[in-house]
Structure formats: C-alpha cells, structure tokens
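Coordinate inspection notes
Each chain, letter by letter, is given below.
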Amino acid sequence: MGLTETPMQAERARTIYEKSKPGRRAAVLPAAEVPEPALEELIPADLLRAEPPRLPEIAEPEIVRHYNKLSRRNFDLDSGFYPLGSCTMKHNPRLNERVAALPGHARLHPAQEPRRAQGALELMWLLQESLGEICGLPHVSLQPSAGSHGELAGLLLTRAFHADRGEERTKVLAPDTSHGTNPASVTMAGYEVVKVATNERGGVEMDDLRAKIDADPGQIACLMLTNPNTLGLFDENIAEIAELIHAAGGTLYYDGANLNAVMGHSRPGDMGFDIVHVNLHKSFSQPHGGGGPGAGPIAVSERIEPFLPRPQVVRRESDNGGGPSFDLDHERPKSIGRLRGFQGNFGVFVRSYAYILSLGSDGLAEASETAVLNANYLKARLAEGRAGERVPVAFDRHCMHEFVLSGKPMKRELGLATLDLAKRLLDFGFHPPTVYFPLLVEEALMIEPTETETKESLDAFAEAIEQILAEAETDPERAKQAPYTTPVRRLDEVKATRHPVVRQEIS
C-alpha cells in the first residue's frame, strides 16, 4: 500500500488471482452417476491443452464480491452527475430497456428471412421515417454503427455523388471546433482536411471560409459542420455557409453529435445540409460509454439518396388489397455498398424508437428546451464567484446544450491545471467535464448538463467547483494529488497509454 493509498483502495486494487487460495471452491459437484469418457474421446488430441488453465480458486462470496466491485469501479450515470461535454450523458429511461428485452426483439436471429421478421423491419422503417422527419431529410439508412461510422459513410456518399457527376474532388473543409473524429474520417476516406478558423463569436470565420473556397473551388468536396458546435454555440451564418458550399458544388455534412440541442426546433435539412448522422446513443436513449454499442444512422437529401448503403429497409404496398409488407432492397446500382454485417444494432433501434414514441414531437422539443435551459443556468452559476474569475466562459454568449470554460487564469494564478480540477471533482462525486477540448480554448473544460439533471444537481456541481477553487487558494497541492476516494489514485496517463500493463504475472 502506497503512502497516500487508503486500506480500502489497496483492497479494491487486489485482483481475483491475488485472492486465490489452493483448494477453495465456489461449489462441489456430486459424483457422476454415468461413466465419464476420457477427454481424448470428446476433444481431438491436438486441441487439448498441455496443462489446465490457471484459474483462480475462490469461494462463492468472494466471486460475488469480485464482480460487484468490478461493476462499481467505473463512474456511471446511475451514480451521479456526468457532464461530459459533447457526449450527452443523459438518463436512459428503464422502460426502453424493458421493451428492447422483449423476446421478440432480443431473440430475433439476424439471419432471419425478411418475411419472418416483419415486425422488426417495420420498426426499423418507422424509425427511419421518424429520424427523417426530425432531421428534415427524406431518406435514412440505419447501417452505420457509430457517429464516426456515420461520418465515414457521409464522406463515401459525397465521393459517390461527385463521381456520378464525373468529378474527382480532393478537399474537405472542417472548422477548428469540429469533433476530432471529423478530420480522422476525412483522412480515412482519402480526402485532404482543410481547417477553417473560428470567429470572435464562436462561429465559422466567414472570410476564412470564402478564402478557402476561392483558393480551389473545383476541389471542395464537402464541408463538415456541427451546429451547434463543440463550443455549444449555434452558428448565426448557417444559411450563408450552405449557400457558399453549394455554389462551389460541394455537399454540406452535419455532424449530429449535438442534435440533442435542437430536436423539434430546427432541422439540419432546413438549414441546407445534404447529409446528417444521428447518434442514437446520445440523443435517443441508448446507454453508451466504454465502447458501445451505439448507432449512427445517416439521413440524406434527394440528390444523395441513390448512393445510400444497401440493402435499404423498404415498405412495399400490396397489389392484392392486403396490408403493406417490409423488405430489404438490394437492387441499388449506385450504392456505396454494405457498411457492416447485417442491418445494425437492433436493440439500439428498439430503445430509440421507444424513446421517440414515448416523448412524441412535443416531448422531444421540450427535452431540447430543457437541455438548453440547464446549460445556460449552469453557465450563469459558474460565472459567479471564484469560478467566474478563475475559469471564465470562453465565448460568453447565449449557449445551446453545452458551454466551454477556460482554466487559463486558474493555471496562471493558482498553478492549477484543468486536469487537476477535473480529478478533484471525482472526490465530490461528480464525473469531470470533457477537458482540453476543443483545442482552440486554452485549458478547456466542456460542460454538458443535459435535460435530465435537476436544478439541485447543477447547484451542487457549481458549489463543488467553488469549493475546490477556494481550497486551492491555500492548498493547491490538494487538487494536484487528487483523486483520493476512487478505487485507484491518479495514474501516469502518458505512461499508461504508451506502456500499458494488460497482463498480470501469476506466481
């Protein structure tokens, strides 16, 4: 146990192998009442292990405690406030989990023939229609498995669109406030990233955008834009931006990561966007974090529709007076092809459609209103007292669902980095905000409270930051050594990334 490590932390850090004792068992099975054939008769000799696996020998209570402790080692939304900016970590209603777990949903085999999966296909088609209405675009594919996958799909659609017109464009514009996956997806799709600057209001710098277009208009394939952006600000020039991109012959791509801010109030299609990806695991009630599962459906305009992935879920009207049926349409000659095996993460579709049905159009609009209200309330709270002085708002205007603070004064005056404040928040029972992003804000903290948090939670968070800053005025080392109450203390994150220890030596 280290000098600053508590006995509880040391106990939590012990692995199940370290607790193993020879001869301990969770259960003792009765002797078999039938002859036991030799293993060699059941398994080919070349597949048998030379020696048994070295599994831990543990009593049943210790096994239960082991898995129970593992379940509590990560911070989760059920434990407390999770204001991770641009991730929309909101409460996911348990009702949607129950619906997704119904046998007809959970046990349907992905290779089932369409005629025997009509209910599932109808749900998918209805979800497509709902997302199309929310986005203001008439056609939707559910295939992409994540937001980044949707980005790649959008860029492949852009390439197919230009190729169909006999063009081979090479450049994609991306603001310096864009999500990090945007330039990564651009590179993966074989395009060149051209960065566009941000103006003093937190939106796209229009003179820089015009200059980048005018420098090589025939090579601009697309502009990728998040609106509201990662500063939590709605771009006031979106109509002019769309006009400039379309005049140059490019497509306009909407990163839907922040769609939770505008549902039911404004639609990307109405803003002029050609392609939108939707994060069902952010805006539409699919639990996420830790790698998934998620879904990133794409909605597109008429001119992009011929290139959508195949197969598409379609509704076919009966020609004999019967009701409609649902099918998978593979006959799409201009399609970019499949993006994944089968049709997507079906359980995600069920949860998201249940969420949309339970809220309705007015409920979705109210969710966005409350998300924006909560963000602006918390921004106002953090503009008071020490927080307003030490971690001021980077762009101080009306925000949407999230906002960004700068810890530059805190670092200069208290010697406290943004990371130190984030780590100390863990000791107060709060997950830290997103830190050091977007990159254009020095010592950034990006905070997204979502619509499912109460005023009391927001007040408690603001008070925790105030308390940490007051503490740092007399004892900055307290925050620099935090956290103190988590299963493990602060790690060397650079070393953990470059030299990860993923295997334990067993003596």
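Here goes a summary of the coordinates provided.

Calculation rules
Throughout this description, residue numbers start from 1 for each chain and increase along the sequence as written. Residue-level local features of this predicted model are given only where pLDDT is at least 70; pairs of side-chain atoms are given and counted only at 80 or more, and the full residue set underlies all totals for whole chains, interfaces and linings. Side-chain numbers here rest on the full set of heavy atoms in the structure, without hydrogens or water. To get an axis, a line is fitted to the C-alpha atoms, and for a helix only the part in contact is used. The angle between two axes follows their N-to-C directions and goes from 0 to 180 degrees. Numbering of helices and strands runs from the N terminus; a helix is a DSSP stretch of H or I covering at least four residues, while a strand is a stretch of E covering at least two. Working rule for angles: under 35 degrees goes down as roughly parallel, over 145 as roughly antiparallel, 65 to 115 as roughly perpendicular, anything else as oblique. The sense of a crossing depends on the near helix, which, turned anticlockwise from the far helix by less than a right angle, makes the crossing left-handed and, turned clockwise, makes it right-handed. Any two residues whose heavy atoms approach within 4.5 Å are treated as being in contact. When residues are grouped by polarity, Ala, Val, Leu, Ile, Met, Phe, Trp, Tyr, Cys and Pro land in nonpolar, Asp, Glu, Lys and Arg in charged, and all others, Gly among them, in polar. A pair of strands is treated as paired once DSSP finds two or more bridges between them. By nonpolar core is meant a set of buried Ala, Val, Leu, Ile, Met, Phe, Trp, Tyr and Cys residues that side-chain atoms within 4.5 Å join together. A 1.4 Å probe rolled over the protein chains alone gives each residue an accessible area, and that area as a share of the maximum for its type sets the label: buried under 20%, exposed over 50%, partly exposed in between. We call a pair of cysteine sulfur atoms a disulfide when they lie within 2.5 Å. We define a salt bridge as a contact between a side-chain nitrogen of Lys or Arg and a carboxyl oxygen of Asp or Glu at a distance within 4 Å.

A few words now on the packing of helix α16 (residues 418-426) against helix α17 (residues 455-474). The N-to-C vectors of α16 and α17 enclose an angle of 120 degrees; their axes lie 10 Å apart at closest approach. With respect to each other, α16 and α17 are oriented oblique. Pair α16 / α17 crosses with right-handed handedness. Between α16 and α17, the residues in contact are L421, R424 and L425 and F461, A464, I465, I468 and E471, respectively. Counted by class, the contact of α16 with α17 contains 6 nonpolar, no polar and 2 charged residues.

Pairing in this open sheet of 7 strands is mixed, and the strands run β1-β7-β6-β5-β4-β2-β3 from one edge to the other. Strands with a single pairing partner mark the edges of an open sheet, and in this sheet they are β1 (139-141) and β3 (192-196). For this sheet, the mean inter-axis angle between neighbouring strands, taken without regard to orientation, is 25 degrees. Of the pairings in the sheet, the one linking strand β2 (residues 171-175) to strand β4 (residues 220-225) comprises 3 bridges and is parallel in character.

With 56 residues, the main nonpolar core has L131, L173, L209, L259, L280, F284 and F349 as its most contacted residues. Counting 35 residues, the second-largest nonpolar core is a separate cluster that includes F403, L421, M446 and I465.

What follows covers the environment of P93. Examined against the element boundaries, P93 turns out to sit in the loop between α3 (60-71) and α4 (94-100). By relative accessible area, P93 is classed as partly exposed at 26%. If near-sequence neighbours (up to four positions away) are discounted, P93 is found in contact with S285 and Y355.

Moving on: the state of the cysteines. This model, assessed by the stated rule, comprises 0 disulfides. Considering cysteine sulfurs only, C135 is the nearest to C222, which forms no disulfide, with 16 Å between them. You can see C399 has no disulfide; the closest cysteine sulfur is in C87, sitting 16 Å from it. The exposure class of C399 is buried, given its relative accessible area of 1%.

What follows deals with the pattern of salt bridges. For the structure on display, the rule yields 38 salt bridges. K212 is the partner of D208 in a salt bridge, and the nearest nitrogen-oxygen pair spans 3.2 Å. Of this pair, D208 and K212 are both found in helix α9 (residues 206-215), 4 residues apart, which corresponds to roughly one turn of the helix. Linking E413 and R390 is a salt bridge whose minimum nitrogen-to-oxygen distance equals 2.3 Å. Highlighted residues: E413 in helix α15 (residues 408-414) and R390 in helix α14 (residues 385-390), separated in sequence by 23 residues. One connected set of salt bridges, linked through shared partners, spans R386, R390, R412, E413, E466 and E473.

Our focus in this paragraph is the sheet that holds strand β12 (residues 444-447). Strand order across the open sheet formed by 3 strands is β10-β12-β11, with antiparallel pairing between neighbours. This sheet does not close on itself; its edge strands, each paired only once, are β10 (403-406) and β11 (434-435). Relative to β12, β10 runs antiparallel, the two being bridged by 4 bridges. Opposite F403, over in β12, you have I447 as the bridge partner.

Turning next to unusual backbone geometry. P228 follows N227 through a cis peptide bond whose omega is 5 degrees. Cis peptide bonds are those with omega within 30 degrees of zero, and the linkage from A482 to P483 qualifies with 5 degrees. By the element assignment, P483 lies in the loop between α18 (476-480) and α19 (493-498). The backbone of T88 shows a phi angle near 50 degrees, a positive value even though the residue is not glycine. Tracing the backbone through its elements, the reader meets T88 in the loop between α3 and α4.

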